[in-house]
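Remarks on the overall topology
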Amino acid sequence: MLNAVETLLRRVRRALSRSEWLVRLLGLEKSHGTVPKPGLVLIQIDGLSRHQLEKAIKRGRLPFLRHLLEKHQYRLHSLYSGMPSSTPGVLGELFYGVRCAVPAFSFFDRATRSVFRMFEPQAAKEIEERMRDKGVPLLAEGSAYGGIYTGGAQESHFCVASIGLSDLFHRKHPLRLLLLFLLNVYSLIRTGILFVIEFSLALIDCMRGLIAGQDLWKEIKFVPSRVGVCILMRELATIGIKMDVA
């Protein structure tokens, strides 16, 4: 009896799910004949050390993660990030098994005799193409959002190595963003509030940088990019990931 009630509640919740409705309205293709084994969702929190993570768990600031560790036999594992530690280096090893894929976030590449900055699409794409010959991509047949590399994902959005207009306007669905906003009013309101907070914090940090003698133009340019990445891109990625799971 309890199993029947639980099954009914799941069906009702799925029928009312915003993600399910978006999948239908956008005409996205659903997976068929998938094997009955768990999927995998990777969430990267840039710059978070294991020490700080364990401290946050003990202080009760990560209740859901603590619940997984205590009640569902989840475990913590460490991953060597290379020296010096950098996002493109960590992701290179995680996605392709290539250790120390880059010497730093910005470096001089002898093969092309040019400076590579890993937030630039051409540089990120070049490094990822080199890694494809050395390892099997972890995200093959999957999706990737907001990273340096695509990890071999079949569908990627807001990744530096593949970024472009198609990330915002899908060729098959020109009204994609409009539908996302209409069916995610709560997320839109929350994004607006967080946008104001983050913009204020960015302005304060900008003033601190100017007082410390940093370059004026660089400090000003960082404000909109920080707000766009930390708030807008994060919310769009969250909506897209929930649609992928659905």
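Residues numbered from 1 in each chain as written. Predicted model: local features only at pLDDT ≥ 70, side-chain atom pairs only at ≥ 80, totals over all residues. Heavy atoms only, no water.

**Describing the confidence of the model for the protein**
Per-residue pLDDT for the protein has a mean of 81; in total, 87% of the residues score no lower than 70. In this model, residues 165–169 is a region of pLDDT below 50 whose contacts with residues beyond four sequence positions or in other chains number eight contacts. (pLDDT = per-residue confidence, 0-100. Contact = heavy atoms within 4.5 Å.)

**As for helix α5 (residues 87–96)**
Counting buried residues in α5 gives eight out of 10 residues, a clear majority hidden from the surface. Buried residues of α5: Thr87, Pro88, Gly89, Leu91, Gly92, Glu93, Phe95 and Tyr96, and no others. On the buried face of α5, the contacting elements are α6 (121–132). (Buried < 20%, exposed > 50% of the residue type's maximum accessible area, 1.4 Å probe, protein only. Helix = DSSP H or I, 4+ residues; strand = E, 2+ residues; numbered from the N terminus.)

**Describing the nonpolar core**
By size, the foremost hydrophobic cluster in this structure holds 20 residues, and its most contacted members are Met118, Ile127, Ile148 and Tyr149. Within the residue set of this core, elements represented by two or more residues are α5 and α6. Here this core takes four residues from α6, the largest share from any one element. (Core = buried A, V, L, I, M, F, W, Y, C linked by side-chain atoms within 4.5 Å.)

**Topic: the side chain of aspartate 109**
Note that aspartate 109 resides in strand β1 (residues 106–109). In this structure aspartate 109 comes out as buried when scored by relative accessible area, which is 7%. Within polar-contact distance, the side chain of aspartate 109 engages the side chain of arginine 130 at 2.9 Å. Sequence-distant contacts of aspartate 109, that is, excluding residues within four places in its chain, are made with Ser114, Phe116 and Arg130. (Polar contact = N/O pair within 3.5 Å; in protein donor to acceptor, adjacent residues only side chain to side chain.)

**A look at the environment of threonine 238**
Tracing the chain through its elements places threonine 238 in helix α9 (residues 216–245). Residue threonine 238 is classed as partly exposed on the basis of its relative accessible area of 36%.

**Structural notes on the pairing of strand β2 (residues 114–117)**
The pairing of β1 with β2 spans four bridges and is classified as antiparallel. Bridged to serine 106 within β2 is arginine 117. Connecting β1 to the antiparallel partner β2 that follows it, the hairpin turn spans four residues, and arginine 113 within it adopts a positive phi of roughly 55°. (Pairing = 2+ DSSP bridges.)

**Here's the deal with helix α8 (residues 185–211)**
Taking 1.5 Å per residue as the helical rise, α8 with its 27 residues ought to reach 39 Å, and the 39 Å between its terminal C-alpha atoms agrees with that figure. Along α8, the residues classified as buried are Ser187, Thr191, Glu198, Ala202, Cys206 and Gly209. Positive backbone phi, approximately 95°, marks glycine 213, located one or two places after α8. (Expected span 1.5 Å × (residues − 1).)

**Examining the side chain of glutamate 198**
Examined against the element boundaries, glutamate 198 turns out to sit in helix α8. The exposure class assigned to glutamate 198 is buried, which follows from its relative accessible area of 14%. Once you skip the residues sitting within four places of it in the chain, glutamate 198 turns out to touch Arg226, Val227, Cys230 and Ile231.

**A word on unusual backbone geometry**
Residues other than glycine seldom take positive phi values, yet cysteine 100 does so here, at roughly 50°. Looking at the secondary structure, you find cysteine 100 in the loop between α5 and β1.

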